[in-house]
Amino acid sequence: MTFLNQKYQDLTPYTPGEQVNEGEFIKLNTNESPYPPAPSVESAVAEVSQSLNRYSNITVEAVAKPLAQHLGVKQEQLFLGNGSDEVLSYIFQGFTEEGIAFPDVTYGFYQVYSALYKVDSTVVPLNNDFTLELKEYDALAGTVIFANPNAPTGIYLSQAEICAFLERHPDRLVVVDEAYIDFSGASMVTLIEKYQNLFVVGTFSKSRQLAGARLGFGVGNTDLIADMNRLRFSLNPYNINSLTQAAGGAVLQEQEYVDQKIQETIQVREWSKQALTKLGFEQTDSQGNFLFAKHPQITGEKLFEALREKKILVRWFNQPRTKDYLRITVGTQEQMEQLVKVLSTILEEVKA
Ligand SMILES: *Cc1c(COP(=O)(O)O)cnc(C)c1O
């Protein structure tokens, strides 16, 4: 029996990566940071827990002020969400009158939100090498959204190409999901003033050690942010809880710690890339905190299962174009050395 409205009966929800008991598995499946949050997060959260009888601050001042400063934007150009997923959901809900277009290989939630909000969506295939060709969006109408670097490929699209598209289509909203930008090239955030049709989405989940706190943001012109807030105040004005506000505020006071972990992740990523190449893997040149790799001698599914058997969790997407690949989060150096060891054992068994 179901009481669910007819229009949601066919909804296929997003499949999150498995969450497991820490300690039992090496967890390389959801692109979290392997490092603990910045040291001052703990006391900041403990302190604010004393005032949980009160509603959270709707201006989210503790985060908005230092984050605006960090990004070099005004607070009125900043929107905060319960994870960037919530920010993205408002985009799909409210800024897609003429439809939305996104790549075939990208973040799974774009498809899910399109279906949820009944948005007219166009899926544009990436090139054979998984690079993104914005020219292919020229003939379409409406909003465009893509992740940069893209997920799960990690491929980074140059600022110049994005700017050229923004200039060709001043009347179309362009949403750049920069969940992984801190491990990569230049952010589009600096170009918010220049392009009224640009909206940049970011998160504290990947490079700031706060995936569990659920804190994301969007940056755009003040009108766009005001409209986002109209939606937010029509659904959930208290979308960022007090504990998360405290945690986010504390992290922003510890940029040095965050930067150090970013550099560490990049170093481990490049080491891991080389190690996997030596084992015969083919990979994209990922600029994220993950690798995207396939091996000619074993299918993605088999390798995923074999790793799981050996208590290493990675992500395998059962999609036609990517089913040979695994997406492997960059863990600590130690974890990645263990991964390489286990991979070489599995590959020897395959060859034998
Ligand atoms: C992880 C991820 C998100 C969601 O991040 P949250 O802030 O944790 O909701 C959004 N976009 C992409 C491309 C991601 O990989």
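Quick notes on the rules
Residues numbered from 1 in each chain as written. Predicted model: local features only at pLDDT ≥ 70, side-chain atom pairs only at ≥ 80, totals over all residues. Heavy atoms only, no water. Near = heavy atom within 4 Å. Polar contact = N/O pair within 3.5 Å; in protein donor to acceptor, adjacent residues only side chain to side chain. Helix = DSSP H or I, 4+ residues; strand = E, 2+ residues; numbered from the N terminus. Nonpolar A, V, L, I, M, F, W, Y, C, P; charged D, E, K, R; others polar. Salt bridge = Lys/Arg side-chain N within 4 Å of Asp/Glu carboxyl O. Buried < 20%, exposed > 50% of the residue type's maximum accessible area, 1.4 Å probe, protein only. Pairing = 2+ DSSP bridges. Axes fitted to C-alpha atoms, helices over the stretch in contact; angles between N-to-C directions. Contact = heavy atoms within 4.5 Å.

### So, the site of the ligand
Reasoning step 1: In the neighbourhood of the ligand, the contacting residues comprise Gly83, Ser84, Asp85, Tyr107, Ala147, Asp177, Ala179, Tyr180, Thr203, Ser205, Lys206 and Arg214.
Reasoning step 2: Contact between the ligand and Lys206: an oxygen atom at 3.0 Å from a side-chain N or O atom of the residue.
Reasoning step 3: The contact in question runs from an oxygen atom of the ligand to an N or O atom on the side chain of Arg214, over 2.7 Å.
Reasoning step 4: For the shell around the ligand, the element with the most residues is helix H3 (residues 83–94), which contributes 3 residues.
Reasoning step 5: Split by residue class, the shell around the ligand holds 4 nonpolar, 4 polar and 4 charged.

### Remarks on the pattern of salt bridges
Reasoning step 1: Enumeration according to the criterion identifies 14 salt bridges in this entry.
Reasoning step 2: Its salt-bridge partner being Asp85, residue Arg214 comes within 3.6 Å of it at the nearest N-O pair. Here Arg214, found in the loop between strand E7 (198–203) and strand E8 (216–219), pairs with Asp85, found in helix H3; they are 129 residues apart in sequence, far enough to count as distant.
Reasoning step 3: The class for Arg214 is partly exposed, based on a relative accessible area of 29%.
Reasoning step 4: Its salt-bridge partner being Glu270, residue Lys273 comes within 2.9 Å of it at the nearest N-O pair. With Lys273 and Glu270 both in helix H8 (residues 255–278) and 3 residues apart, this pair spans about one turn of that helix.
Reasoning step 5: The exposure class of Glu270 is partly exposed, given its relative accessible area of 31%.

### Here we look at the sheet that holds strand E6 (residues 174–177)
Reasoning step 1: As summarised here, the arrangement of the 7 strands in space is E2-E8-E7-E6-E5-E3-E4, forming an open sheet in which the pairing is mixed. The strands lining the two open edges of the sheet, one partner per strand, are strand E2 (78–81) and strand E4 (121–124). Taken over all neighbouring pairs, the strand axes of this sheet differ in orientation by 20° on average, direction set aside.
Reasoning step 2: Note that strand E3 (residues 100–103) and strand E5 (residues 143–147) share 2 bridges and pair parallel. Paired with Ala101 across the two strands is Val144, which belongs to E5.
Reasoning step 3: The strands that helix H2 (residues 61–71) touches are E2 and E8; relative to E2, the one it contacts most, it runs at about 125°.
Reasoning step 4: Strand contacts of H3: E2, E3, E5, E6, E7 and E8, with the helix running at about 155° to E7, the strand carrying the most contacts.

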